[in-house]
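# Commentary on secondary and tertiary structure
The lines below spell out each chain.
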Amino acid sequence: ILNVEQSPQSLHVQEGDSTNFTCSFPSSNFYALHWYRWETAKSPEALFVMTLNGDEKKKGRISATLNTKEGYSYLYIKGSQPEDSATYLCASLSGGYNKLIFGAGTRLAVHP
Amino acid sequence: EAQVTQNPRYLITVTGKKLTVTCSQNMNHEYMSWYRQDPGLGLRQIYYSMNVEVTDKGDVPEGYKVSRKEKRNFPLILESPSPNQTSLYFCASSSTAAARAFFGQGTRLTVV
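Read on for an overview of the structure. Keep in mind the model is a prediction, meaning the values are calculated, not measured.

## Here we look at the overall build of chain A
Along its length, chain A carries zero helices and 11 strands. Counting from the amino terminus, helix and strand elements in chain A follow one another as β-β-β-β-β-β-β-β-β-β-β. Relative to its length of 112 residues, chain A is compact, with a C-alpha radius of gyration of 14 Å against a globular reference of 13 Å. In terms of its C-alpha atoms, chain A occupies a principal-axis envelope of roughly 45 × 30 × 20 Å. When the 112 residues of chain A are sorted by exposure, 51% land in the buried category. For chain A, long-range pairs separated by at least 24 residues make up 53% of all intrachain contacts whose partners lie at least 6 apart in sequence. For chain A, the computed accessible surface area is about 5600 Å², with 45% contributed by carbon and sulfur atoms. If you average the places of the 10 positive and of the 10 negative side-chain charges in chain A, the two averages end up 5 Å apart.

In structure tokens, the structure reads:
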């Protein structure tokens, strides 16, 4: 199993704070990196799919960067709101494999 | 509406009693997969299917079976459930293994 690591495990911030967290994945034979948001009692929803080194994606106040050479991706949330509270999952797909490997997630709580 | 539908949402069963969790998608996706989610662990893949009649083991296939007789359906079968299969299960579909995944609502299974 190729390991995908996410840090921190959990994060508490105040409304309006900007925050970021990390996903580390195997850099060899990299193919794609996914980010998902998983709200309590719901199912995970895709935020970004990234494939190219140096790629940057943005969706509203959330953005992500990708470094395939060193095997990490950052997810940034600007001006956190309580509705951003969720678990953020990343998943890596390596070439030659047909399955996503998920990290354990970062649980974000945004306090009003 | 594009969706992945799992049933049932909740299930309590006894050890050894065969059960099936159904999964259906309406997006004509070729790739489907089953995951289980346990506290402190990421989503772990049980089985996946690249297309009709093409299935393969994920990372934790022991105690599970799947079938893919039609493109839209991918049921998960537990022939003889055991308490260590108590978990939250998700079905997901995507156009390819690398494309964004659409998740079902989840099935919370308890085996006593």
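## Observations regarding the interface of chain A and chain B
With 20 residues of chain A at the interface, the matching set in chain B holds 23 residues. Buried surface at the junction of chain A and chain B, both sides included, amounts to about 1700 Å², of which 61% is carbon and sulfur. The largest per-residue losses of area from chain A upon contact with chain B belong to Asn98(A), Lys99(A) and Phe102(A), which jointly make up 31% of the total buried on that side. Joining chain A to chain B, the criterion identifies one salt bridge. The salt bridge involving Asp59(B) is made with Lys99(A); its shortest N-O contact spans 2.9 Å. Taken together, the links from chain A to chain B amount to five residue pairs in polar contact (both at pLDDT 80 or more). Where the side of chain A that touches chain B is concerned, the elements lending two or more residues are strand E4 (30-38), strand E5 (45-50), strand E9 (86-94) and strand E10 (101-102) of chain A. For the side of chain A that touches chain B, the element with the highest residue contribution is E4(A), accounting for five residues. Across the side of chain A that touches chain B, the residue classes tally to 14 nonpolar, four polar and two charged.

## Section: the packing of aromatic side chains
Considering all chains together, one arrives at 14 aromatic pairs over all chains under this definition. Seen from their ring centres, Tyr31(B) and Tyr48(B) are 5.8 Å apart, and the 25° between their planes marks the pair as stacked. Note that Tyr31(B) is positioned in strand E4 (residues 31-37) and Tyr48(B) in strand E5 (residues 44-51), a separation of 17 residues in sequence. For the pair formed by Tyr31(B) and Tyr48(B), the shared burial category is buried. In this structure an aromatic cluster arises from ring pairing among Tyr36(A), Trp38(A), Phe102(A), Tyr35(B), Phe90(B) and Phe103(B).

## Focus on the pattern of salt bridges
Residue and element names in this part refer to chain B. Tallying each qualifying case throughout the model produces seven salt bridges over all chains. The residue Asp38 makes a salt bridge to Arg36 at a minimum N-O spacing of 2.9 Å. Look at Asp38 and you get buried, because its relative accessible area is 10%. A salt bridge links Lys65 to Glu79; its shortest N-O distance comes to 2.9 Å. Of this pair, Lys65 sits in strand E7 (residues 65-66) while Glu79 is found in the loop between strand E8 (76-78) and strand E9 (87-94), placing the two residues 14 residues apart along the sequence. Where salt bridges share partners, they join Lys18, Lys65 and Glu79 into one cluster.

## Quick notes on the sheet that holds strand E1 (residues 4-7) of chain B
Residue and element names in this part refer to chain B. Taken together, the four strands give an open sheet; going across it, the order is E1-E3-E8-E7, and neighbouring strands pair in antiparallel fashion. Looking along the sheet, the strands with just one partner apiece sit at the ends: E1 and E7. Summarising the sheet, E7 and E8 pair through two bridges and their orientation is antiparallel. Among the inter-strand pairings, Val66 is bridged to a residue of E8, identified as Leu76.

The rules behind the values
Residues numbered from 1 in each chain as written. Chains lettered and ligands numbered in written order. Predicted model: local features only at pLDDT ≥ 70, side-chain atom pairs only at ≥ 80, totals over all residues. Heavy atoms only, no water. Helix = DSSP H or I, 4+ residues; strand = E, 2+ residues; numbered from the N terminus. Rg over C-alpha atoms; globule rule 2.2 N^0.38 Å. Buried < 20%, exposed > 50% of the residue type's maximum accessible area, 1.4 Å probe, protein only. Contact = heavy atoms within 4.5 Å. Areas by Shrake-Rupley, 256 points an atom, 1.4 Å probe, with all protein chains shown as cover. Lys, Arg positive; Asp, Glu negative; His and termini not counted. Charge placed at Lys NZ, Arg CZ, Asp CG, Glu CD. Buried area = accessible area lost by both parts, 1.4 Å probe. Salt bridge = Lys/Arg side-chain N within 4 Å of Asp/Glu carboxyl O. Polar contact = N/O pair within 3.5 Å; in protein donor to acceptor, adjacent residues only side chain to side chain. Nonpolar A, V, L, I, M, F, W, Y, C, P; charged D, E, K, R; others polar. Phe/Tyr/Trp six-rings, centres within 6.5 Å; stacked < 30°, edge-to-face > 60°. Pairing = 2+ DSSP bridges.

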